[in-house]
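If you want the building blocks of each chain, they are given just below.
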Amino acid sequence: MTLVAEKPAPAPVRAPERAPYWTMRRRDELAGWLMVAPQLAGIVAFVVVPLGLVVWYSLHEWNVLAGTFDFVGGANYEQLGSDPRLGPALRATGLFSIGLVVLNLSLALFLAVLLNQKLRGTVVFRTLFFSPVVVTLVAWTIVWGFLLQDNGGVNGFLDLLGIDGPNWLRGDTTAMIAVIVVQLFKGVGLNMVLFLAALQGVPAELYEAARIDGASAWARFRRVTVPLISPTILLTSILTVVGSLQVFAQIAVLTQGGPGTSTTVLVYYLYQQAFQFHHFGYGATISLLLFIIVLALTVLQWRMRKRWVFHES
Amino acid sequence: MKLPTLNVARLTAAAVAVSLLALAGCGGGSDDAGAAGPVDLRMTIWSANAKHTALFDQIAAEYKSTHPDVGKITFESIPFESYTTTLTTQIGGGNVPDLAWILESTAPDFVSSGALAPIDRDPDLLPSTTKTWEQDGQLYAYPFSTSPLGVFVNTDLVTAAGRQTPAQQIASGTWTWDQAVTTGAAVQKTGKGGIVVGDFDFKSWDALNSIWAGWGARPWSEDGKTCGFDQPEMVAAMTAIHQMVFTDQAMPGPGVTKDFFAGDAAMVLTQISRAALLEKAKFRWDLVPLPKGPAGEYSVVGQAGIGVLKRGKHVDAAKDFLAYFTNQENSAKLAQFFPPPRKSQLTTAVLAKANPLLKPAQLQSVVIDGIERGDIKTSHVGYAELQQTVRAALDPLWKPDADVPAVLAGVCAKINPLLSK
């Protein structure tokens with residue numbers, strides 16, 4: 001007898017089961033996007049779109065009063081290349097930025113080190129130095145405008161010391177110094193507080209070890225303090241450089257770019273071209289130049305961090 | 001740990017709702033041009049003086065009572081220093097006011113660009129007051145304030161310095177710039193300020209026209225094509241001003257502030273509308289015409305116009321309101337602050353009613369005679385750029401050892417390319 005094995009009945013073909021689209025991962029992804037959507041919308045609306053518009057405007061001649069908006073291609077960029085007022089504006093910007101950044105960072109660090117001591121009254125001084133940061137910029141500048149007049153408070157004080165003070169806001173050199181100093185006192189408190197926070201994070205045992213090794217106070221500062229607060233130095237230098245390139249209100253209130261064009265920094269020149277002279281297209285072109293300068297300096301500082309910023313890792 | 005499952009449908013619906021709300025919030029106000037109901041009008045002004053705005057509001061309320069088609073009429077004050085900049089930024093941003101108060105210096109920009117709608121000309125308007133606001137025979141703004149510059153004098157300070165008052169000098173026919181400088185210097189020796197040029201502050205150089213016009217000088221030719229700073233009249237005038245500041249010390253120097261209205265200076269050259277600041281003055285004062293210069297007697301007139309913006313939402317309604325705002329009756333009311341451009345109202349009787357602080361003789365000599373013979377203040381197409389360029393080029397003049405002709409030649413070198421545009 002031959003046994004014929006019965007073929008098993010073929011299993012019914014089942015359609016492959018579709019994986020549900022809304023997996024936990026996709027739900028989480030969507031939730032994540034929805035969470036950041038308002039922030040992204042803000043960035044698109046207030047950063048990306050204006051930046052795009054600035055590029056678009058820089059290719060046009062926009063007569064606000066006549067209501068005309070004509071495409072001029074690269075004409076505004078050609079004008080930028082041959083503008084005799086651009087050189088002095090860049091020079092004034094450079095002078096202001098270098099002066100402010102050097103003075104601000106040095107003074108802020110000096111004050112922070114000083115106020116990091118465990119002495120009586122340091123809280124009062126910290127408050128005093130920080131309070132200008134929260135004062136309205138224009139009000140602060142107007143008050144300084146009065147103080148810096150020829151017959152103002154600063155020269156009155158110098159007079160008491162037997163010094164014949166200059167007419168601060170009317171001299172080519174002194175006007176720039178005055179603007180830098182006004183901005184320095186306004187903003188140094190912020191960097192001071194950041195440095196204070198960084199100083200308080202430096203482990204005391206490192207100082208103790210250095211002291212045991214016979215390191216002097218200057219050596220301890222140079223070899224221990226500076227490396228350990230170098231990330232904060234990087235942060236403050238980036239913030240101060242970017243801030244210095246955007247100075248406007250102080251110039252507008254104190255000097256209006258003068259005397260001559262000695263304090264006409266790039267942002268003020270941009271404002272003049274766009275909003276006072278109604279050359280909006282050219283103003284947009286100058287603002288792009290400023291954007292490129294800020295970007296380049298920030299990238300440069302960021303790249304250079306590898307050389308001098310200390311990371312424990 | 002199991003994370004709570006999010007209800008995607010609900011989350012999406014919420015996000016859409018938030019987005020819609022945000023979009024609704026970002027949207028501007030509705031354009032009531034196409035909507036039914038009364039139209040709202042907005043006029044930009046630079047004055048924030050409560051008395052000015054109260055009068056404007058009163059006129060607007062009277063107009064609305066007979067015009068139910070008009071809803072709100074708003075007068076938007078913008079600080080003088082940034083007035084034109086803010087106005088043009090509003091226009092550029094599509095937030096165009098229906099009417100705007102326009103300064104004479106920027107009149108050519110507004111008129112020649114076609115920004116303003118033409119308005120009807122009242123035959124009562126003095127031709128000399130409408131010149132700045134015309135193009136091709138059409139009037140583009142109503143010159144509602146035509147204000148001559150005069151000299152307010154603190155007679156207490158002048159007599160205390162041992163000098164005759166300007167009124168006495170006028171009576172004896174010796175009211176000249178030489179005498180004014182001597183008076184200013186005498187007062188400055190007492191520690192107060194001598195001659196102050198209103199709004200000058202060694203930056204707004206165009207305010208000096210109240211002096212240089214006495215030398216017959218002009219910053220540029222009548223057609224605006226040729227620089228006038230290097231011309232003999234301007235060199236003489238600026239030399240006199242330089243001496244006034246640094247040699248005679250009759251005028252507070254750069255960086256020194258002396259407020260006439262606080263009683264700190266002998267004289268101020270400014271417009272008569274500032275008389276309101278003397279209402280509570282604690283010193284005796286007078287208003288006299290500008291001193292006689294080498295070119296003879298002269299007068300300088302500041303002017304402001306009100307125009308209807310062509311790209312405003314309600315051009316016809318704005319024109320109608322402007323006609324009402326400046327008609328005979330309202331012009332007489334406005335005359336208490338803003339000297340009218342109407343022939344029929346330039347009488348001491350009308351002006352005295354509106355200016356109780358000023359005597360009829362002052363009104364006649366400074367306002368009426370001033371408007372009739374006065375030059376309207378400097379203006380030019382692209383004025384803001386010219387203003388800034390001259391300011392920067394003129395800065396070296398405000399030093400004791402300045403070479404006046406060389407500085408003025410330098411001004412021309414800087415502005416010639418702008419004038420020839």
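All of these numbers come straight from a predicted model, not from anything done at the bench. (Residues numbered from 1 in each chain as written. Chains lettered and ligands numbered in written order. Predicted model: local features only at pLDDT ≥ 70, side-chain atom pairs only at ≥ 80, totals over all residues. Heavy atoms only, no water.)

K.L.:
Can you help me understand the overall build of chain A in this one?
P.N.:
Helix and strand counts for chain A come out as twelve helices and two strands. When the elements of chain A are put in sequence order from the N terminus, they spell out α-β-β-α-α-α-α-α-α-α-α-α-α-α. For 313 residues, the compact-globule estimate of 2.2 N^0.38 gives 20 Å, and the C-alpha radius of gyration of chain A, at 30 Å, exceeds that figure by more than 25%. Considered along the principal axes of its C-alpha atoms, chain A spans approximately 135 × 75 × 30 Å. (Helix = DSSP H or I, 4+ residues; strand = E, 2+ residues; numbered from the N terminus. Rg over C-alpha atoms; globule rule 2.2 N^0.38 Å.)

K.L.:
Looking at this model, I keep getting lost on the overall build of chain B. Mind explaining?
P.N.:
The helix and strand tally for chain B stands at 16 helices and twelve strands. Overall, chain B is about 90 × 60 × 45 Å in size when its C-alpha atoms are taken along their principal axes. Classification of the 421 residues of chain B by burial places 53% in the buried group. For chain B, the accessible surface area stands at approximately 18,100 Å², while carbon and sulfur atoms represent 55% of it. For chain B, the separation between the mean place of its 35 positive charges and that of its 41 negative charges on side chains is 5 Å. (Buried < 20%, exposed > 50% of the residue type's maximum accessible area, 1.4 Å probe, protein only. Areas by Shrake-Rupley, 256 points an atom, 1.4 Å probe, with all protein chains shown as cover. Lys, Arg positive; Asp, Glu negative; His and termini not counted. Charge placed at Lys NZ, Arg CZ, Asp CG, Glu CD.)

K.L.:
Just to check I follow, could you spell out the confidence of the model for chain B for this structure?
P.N.:
Where the model shows low pLDDT, its predicted coordinates should not be examined in detail. All names here are of chain B. Per-chain confidence: chain B averages 88 in pLDDT, with 91% of residues scoring 70 or above. For chain B, helix H1 (residues 8-26) is the element with the lowest average pLDDT, namely 44, and helix H10 (residues 232-247) is the one with the highest, namely 98. Confidence drops under pLDDT 50 across residues 1-6; counting only partners more than four residues distant or on other chains, this segment forms seven contacts. (pLDDT = per-residue confidence, 0-100. Contact = heavy atoms within 4.5 Å.)

K.L.:
For this particular structure, what's the right way to read the pairing of strand E8 (residues 193-197) of chain B?
P.N.:
Every regular strand shows the same layout, with side chains that alternate between the two sheet faces. Residue and element names in this part refer to chain B. Burial analysis of E8 places five of its five residues in the buried class, which makes it a mostly covered element. With four bridges connecting them, E8 and strand E9 (residues 265-271) associate as parallel partners. What sits directly across from Val197, in E9, is Leu269. (Pairing = 2+ DSSP bridges.)

K.L.:
Any chance you could explain the UniProt feature "domain: ABC transmembrane type-1" (unreviewed entry) in chain A here in plain terms?
P.N.:
Under the present numbering, the feature "domain: ABC transmembrane type-1" (unreviewed entry) in UniProt falls on residues 90-301 of chain A. Helix makes up 75% of residues 90-301 of chain A and strand makes up 0%, while its end C-alpha atoms are separated by 20 Å. (UniProt positions renumbered as here; feature names shortened; annotations may be inferred.)

K.L.:
Even after reading the chapter, I still don't get the pairing of strand E1 (residues 60-63) of chain A, so can you show me in this structure?
P.N.:
Residues and elements named next belong to chain A. Burial along E1 is one-sided: His60 and Trp62 are buried, while Glu61 and Asn63, pointing the other way, are not. Sheet topology places E1 next to strand E2 (residues 68-71); four bridges connect them, and they run antiparallel. Across the sheet, residue His60 finds its bridge partner in E2, namely Phe71. The turn joining E1 and E2, which pair antiparallel and follow one another in sequence, is formed by four residues; a positive phi near 80° is taken by Gly67.

K.L.:
Explain the nonpolar core to me, please; I cannot follow it from the model alone.
P.N.:
The tendency in soluble globular proteins is for nonpolar side chains to be buried as a group. B:Trp177, B:Leu208, B:Ile211, B:Phe229, B:Met238, B:Leu394 and B:Ile415 are the most contacted members of the largest nonpolar core, which has 60 residues in total. Broken down by element, this core gets its largest block of residues, nine residues, from H10(B). With sequence-adjacent residues up to four places away left out, B:Ile415 is seen in contact with B:Trp220, B:Cys227, B:Phe229, B:Leu386, B:Thr389 and B:Val390. Counting residues in hydrophobic clusters, the runner-up holds 53 residues, among them A:Trp62, B:Val39, B:Ala60 and B:Tyr142. (Core = buried A, V, L, I, M, F, W, Y, C linked by side-chain atoms within 4.5 Å.)

K.L.:
Which parts of the structure should I look at to understand the environment of B:Trp177?
P.N.:
Residue and element names in this part refer to chain B. Assignment of secondary structure puts Trp177 in helix H8 (residues 177-189). Classification of Trp177 by relative accessible area gives buried; the value is 3%. Along the sequence, Trp177 and Leu55 sit 122 residues apart, while their C-alpha atoms lie 38 Å from each other. Ignoring any residue separated from it by four or fewer positions in sequence, one finds Trp177 in contact with Ile195, Ser210, Ile211, Trp215, Met244, Leu269, Pro291, Lys292, Gly293 and Tyr298.

K.L.:
What exactly am I supposed to notice about the interface of chain B and chain A here?
P.N.:
The accessible area lost on association of the parts is a frequent measure of interface size. Taken together, the contact between chain B and chain A spans 33 residues of the former and 34 residues of the latter. Interface area, chain B with chain A, both sides summed: about 2,800 Å², of which 57% is carbon and sulfur. Scanning the region where chain B abuts chain A turns up two salt bridges. A salt bridge links B:Asp395 to A:Arg170; its shortest N-O distance comes to 3.4 Å. Where chain B touches chain A, the interface holds 13 residue pairs in polar contact (both at pLDDT 80 or more). Elements supplying a minimum of two residues to the side of chain B that touches chain A: H1, helix H3 (83-92), helix H4 (107-113) and helix H15 (383-394) of chain B. Split into classes, the residues belonging to the side of chain B that touches chain A amount to 14 nonpolar, eleven polar and eight charged. (Buried area = accessible area lost by both parts, 1.4 Å probe. Salt bridge = Lys/Arg side-chain N within 4 Å of Asp/Glu carboxyl O. Polar contact = N/O pair within 3.5 Å; in protein donor to acceptor, adjacent residues only side chain to side chain. Nonpolar A, V, L, I, M, F, W, Y, C, P; charged D, E, K, R; others polar.)

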